[in-house]
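Given next are the chains, with one letter for each unit.
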Amino acid sequence: MTSPIVRFAPSPTGRIHIGNARTALYNWLFAKKRGGRFILRFDDTDLARSTREFADIIETDLGWLGIEPDLLVRQSDRFALYDAAMQRLRDQGRLYACYETQEELDRKRKLQLARGLPPVYDRAGLSLTSEDRAQLEAQGRKPHWRFQLERDVVEWEDLSRGHCRIDCASLSDPVLVREDGAYLYTLPSVVDDLDLGVTHVIRGEDHVTNTAVQLQLFGALGDGKPAPAFAHHNLLATASGEGLSKRSGSLSISSLREQGMEALAVAALAVLTGTSDSVHAVTSLEELGAAIDLSHVSHNSAKFDEADLVALSARTLLLLPYASVAKRLAALGVGGPQAEAFWLAVRGNLSRLGEAEPWAQVCFGEINPVREDDGFLRDAAELLPAEPFGAQTWREWTEAVKVKTGRKGKALFHPLRLALTGRENGPELAALLPLIGRSRALARLGAHA
Ligand code: GLU
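Scoring rules and cut-offs
Residues numbered from 1 in each chain as written. Predicted model: local features only at pLDDT ≥ 70, side-chain atom pairs only at ≥ 80, totals over all residues. Heavy atoms only, no water. Helix = DSSP H or I, 4+ residues; strand = E, 2+ residues; numbered from the N terminus. Rg over C-alpha atoms; globule rule 2.2 N^0.38 Å. Areas by Shrake-Rupley, 256 points an atom, 1.4 Å probe, with all protein chains shown as cover. Lys, Arg positive; Asp, Glu negative; His and termini not counted. Charge placed at Lys NZ, Arg CZ, Asp CG, Glu CD. Near = heavy atom within 4 Å. Polar contact = N/O pair within 3.5 Å; in protein donor to acceptor, adjacent residues only side chain to side chain. Nonpolar A, V, L, I, M, F, W, Y, C, P; charged D, E, K, R; others polar. Phe/Tyr/Trp six-rings, centres within 6.5 Å; stacked < 30°, edge-to-face > 60°. Lys NZ or Arg CZ within 6 Å of the ring centre and 35° of its normal. Disulfide = S-S within 2.5 Å. Buried < 20%, exposed > 50% of the residue type's maximum accessible area, 1.4 Å probe, protein only. Pairing = 2+ DSSP bridges. Axes fitted to C-alpha atoms, helices over the stretch in contact; angles between N-to-C directions. Expected span 1.5 Å × (residues − 1). Arc of directions from axis to C-beta. Contact = heavy atoms within 4.5 Å. Core = buried A, V, L, I, M, F, W, Y, C linked by side-chain atoms within 4.5 Å. Parallel < 35°, antiparallel > 145°, perpendicular 65-115°, else oblique. Salt bridge = Lys/Arg side-chain N within 4 Å of Asp/Glu carboxyl O.

## Here we look at the overall build of the protein chain
Within the protein chain, the secondary structure is distributed over 18 helices and 12 strands. The globule rule puts the C-alpha radius of gyration for 449 residues at 22 Å, and the 31 Å found for the protein chain is more than 25% above it. If you sum the accessible surface of the protein chain, you get close to 20,900 Å²; carbon and sulfur atoms cover 50% of it. Measuring between centres, the 53 positive side-chain charges of the protein chain sit 2 Å from its 59 negative side-chain charges.

## A word on the site of the ligand
Around the ligand, the neighbouring residues are Arg7, Ala9, Ser11, Asp43, Tyr185, Ser189, Arg203 and His207. Within the contact set of the ligand, a nitrogen atom lies 2.7 Å away from a side-chain nitrogen or oxygen of aspartate 43. Burial of the ligand by the surrounding chains reaches 78%, relative to a free accessible area of 300 Å². Split by residue class, the shell around the ligand holds 2 nonpolar, 3 polar and 3 charged.

## Side note on the packing of aromatic side chains
Under the criterion given, the structure shown has 9 aromatic pairs. Ring geometry for phenylalanine 79 and tyrosine 82: centres 6.1 Å apart, planes at 85°, overall edge-to-face. Pair noted here: phenylalanine 79 and tyrosine 82 are both in helix 3 (residues 79–91), with a separation of 3 residues, about one helical turn. In textbook terms, an aromatic cluster arises when at least three aromatic residues are bridged by ring pairs, as seen for Phe79, Tyr82 and Tyr183. Here the guanidinium or amino end of arginine 34 rests over the ring plane of phenylalanine 30, the centre of that ring lying 3.9 Å away. Just above the ring of tyrosine 121 sits the side chain of arginine 146; from NZ or CZ to the centre is 3.8 Å.

## With respect to unusual backbone geometry
The step from glutamate 387 to proline 388 runs through a cis peptide bond, and the omega angle for that step is 5°. Tracing the backbone through its elements, the reader meets proline 388 in the loop between helix 15 (374–383) and helix 16 (393–405). Positive phi is not limited to glycine here, since aspartate 223 has a value of about 50°. Locating aspartate 223 in the fold gives a position in the loop between helix 7 (208–221) and strand 10 (229–233).

## Here's the deal with the state of the cysteines
The final tally for this structure, using the stated rule, is 0 disulfides. Cysteine 168 provides the cysteine sulfur closest to cysteine 98, a residue in no disulfide bond, and the two sulfurs are 17 Å apart. Residue classification places cysteine 98 among the buried positions, given a relative accessible area of 0%.

## Brief notes about the sheet that holds strand 8 (residues 175–177)
Read across the open sheet, the 3 strands follow the order 4-5-8; overall the sheet is antiparallel. The open sheet has two edge strands with one neighbour each: strand 4 (95–98) and strand 8. For this sheet, the mean angle separating the axes of adjacent strands, direction not counted, is 45°. Bridge count between strand 5 (residues 144–147) and strand 8: 2 bridges; the pairing is antiparallel. Bridging from a neighbouring strand, tryptophan 145 pairs with valine 177 of strand 8.

## Digging into helix 16
Taking 1.5 Å of rise per residue, the 13 residues of helix 16 would be expected to cover 18 Å, and the 18 Å separating its terminal C-alpha atoms lies within 8% of that figure. Within helix 16, burial applies to Thr393, Trp394, Trp397, Thr398 and Val401. Around the axis of helix 16, the buried residues are gathered within 110° of arc, so they sit on the same side. Of the exposed residues in helix 16, the ones pointing more than 90 degrees away from its buried face are Arg395 and Val403. Those residues of helix 16 that are buried are in contact with helix 15, helix 17 (409–421) and helix 18 (429–445).

## Observations concerning the nonpolar core
If you look at the biggest cluster of nonpolar residues, it comprises 89 residues, and the most contacted ones within it are Ile18, Leu288, Phe342, Trp343, Val346, Trp397 and Leu420. Sequence-distant contacts of leucine 420, that is, excluding residues within four places in its chain, are made with Val362, Ile367, Trp394, Trp397, Leu429, Leu433, Ile436, Ala441, Arg444 and Leu445. With 39 residues, the next largest nonpolar core counts Val73, Leu136, Val208 and Leu221 among its residues.

## Remarks on helix 17
Over its 13 residues, helix 17 runs 18 Å from end to end, which matches the ideal 18 Å to within 8%, given 1.5 Å per residue. Listed as buried for helix 17 are Leu412, His414, Pro415, Leu416, Arg417, Leu418, Ala419, Leu420 and Thr421. The elements touched by buried residues of helix 17 are helix 14 (356–364), helix 15, helix 16 and helix 18. A positive backbone phi angle near 75° is found at glycine 422, which sits one or two residues after helix 17.

## Here we look at the environment of serine 130
Among the structural elements, serine 130 can be located in helix 5 (residues 130–138). Take serine 130: its relative accessible area is 54%, and that puts it in the exposed class. A C-alpha to C-alpha distance of 23 Å links serine 130 and alanine 182, two positions 52 residues apart in sequence.

## Things to note about the packing of helix 17 against helix 18
A pair of packed helices is captured by two measures, namely the crossing angle of their axes and the spacing between those axes. Running from N to C, helix 17 and helix 18 point in directions that differ by 75°, and their axes come no closer than 9 Å. Comparing their axes, helix 18 and helix 17 come out roughly perpendicular. The residues of helix 18 that touch helix 17, namely those facing Leu416, Arg417, Ala419, Leu420 and Thr421, are Leu429, Leu432, Leu433, Ile436, Ala441, Arg444 and Leu445. Residue composition of the contact of helix 17 with helix 18, grouped by class: 9 nonpolar, 1 polar and 2 charged.

## So, the pattern of salt bridges
In this structure the tally under the stated criterion is 23 salt bridges. We note a salt bridge from arginine 49 to aspartate 46, for which the minimum N-O separation is 3.6 Å. Since its relative accessible area comes to 53%, arginine 49 is described here as exposed. Among the residues examined, aspartate 46 registers a relative accessible area of 17% and is labelled buried.

In structure tokens form, the structure reads like this:
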């Protein structure tokens with residue numbers, strides 16, 4: 001296979017959610033695994049609903065997930081190409097003007113259904129004469145434009161769903177341009193896929209029927225070039241079976257980021273849910289790419305539980321090496337020679353990276369120690385070994401404290417933990433003590449360094 005070219009094509013009319021991330025990541029992982037290119041295409045022909053602000057947020061969200069497009073295009077910059085394609089379809093006699101209002105179309109549909117007929121557009125527009133059209137326009141009606149489908153069966157080998165077959169006789173001729181002159185998604189998408197050399201269209205299964213229509217457009221506009229390959233993946237749904245929409249605010253990528261979820265956990269959940277692979281934590285997108293293949297995607301719905309994200313974030317952090325988090329730790333004020341040891345000590349106790357901050361305070365800053373038994377703590381302070389502290393210091397020290405005080409188990413360890421960290425629970429003290437250091441430890445035990 002030559003290097004693939006894929007595209008992710010959101011409309012910038014809202015924030016993208018975890019279901020959109022699934023589509024973006026399937027495209028990204030497919031292309032990057034094969035040395036290919038990823039295009040971010042903003043489907044912003046609806047000038048009234050699309051905003052630059054949403055486009056910018058989408059770019060940021062993708063960047064957070066680890067997706068850096070090789071090329072960015074905005075359909076609003078490309079109207080000349082769509083106008084030329086319309087002209088070609090007109091020249092081929094495949095485009096026709098229609099004047100029905102939405103209410104008239106609804107009425108037709110209801111009548112067809114009442115008669116037991118499929119609600120397919122009756123092509124009334126095709127038989128309008130130029131006088132009819134002039135008359136309708138004199139009444140103030142504006143045309144919308146439909147593409148005349150060939151009433152054939154369209155078939156393709158879907159990389160995810162296998163053999164697909166759609167009888168276009170059961171479809172209405174699609175509207176390509178609305179009466180206000182705005183392009184609907186169907187035509188510009190095909191024009192861009194052709195112009196940008198897209199080799200694989202990977203998108204949600206809600207587009208299966210569009211593919212039949214668009215394959216006819218590829219045929220009409222492609223100058224004999226083969227159409228791209230298609231893969232339609234199942235759609236993510238919440239545990240209660242609800243689909244996601246741009247309004248599913250809490251599942252937007254921006255809000256998951258703000259909630260402190262790990263990007264790789266969001267990516268793993270988005271990609272692996274509803275596949276033959278179990279949802280598991282990964283340390284890089286490459287690892288995720290190696291785990292997944294479009295043919296692993298199930299044909300059933302992909303239900304996921306938002307609550308799983310916290311646990312998956314925790315499992316992800318536990319696997320991440322220091323190098324993967326060094327920049328973010330530096331932003332929390334943790335750097336220098338002890339930063340790696342700090343990370344290895346605390347990563348198992350976090351479900352969000354931000355939770356490392358109080359532990360940095362414990363290791364390198366000031367805390368309010370909780371001293372429950374001053375006599376015991378004073379004995380312990382006296383036995384604290386000299387520096388340098390190492391991995392064995394905690395064991396050696398507590399052994400000596402045990403011998404001297406006769407305490408063991410919780411009675412031995414708990415007061416030490418409370419004094420040294422100010423908290424009931426947390427990372428292994430054996431790992432924390434060398435970071436806390438002797439002078440801070442003595443002060444927290446109530447002794448003087
Ligand atoms: N803008 C379309 C959507 O978001 C793109 C679909 C496609 O990938 O072709 O549904």
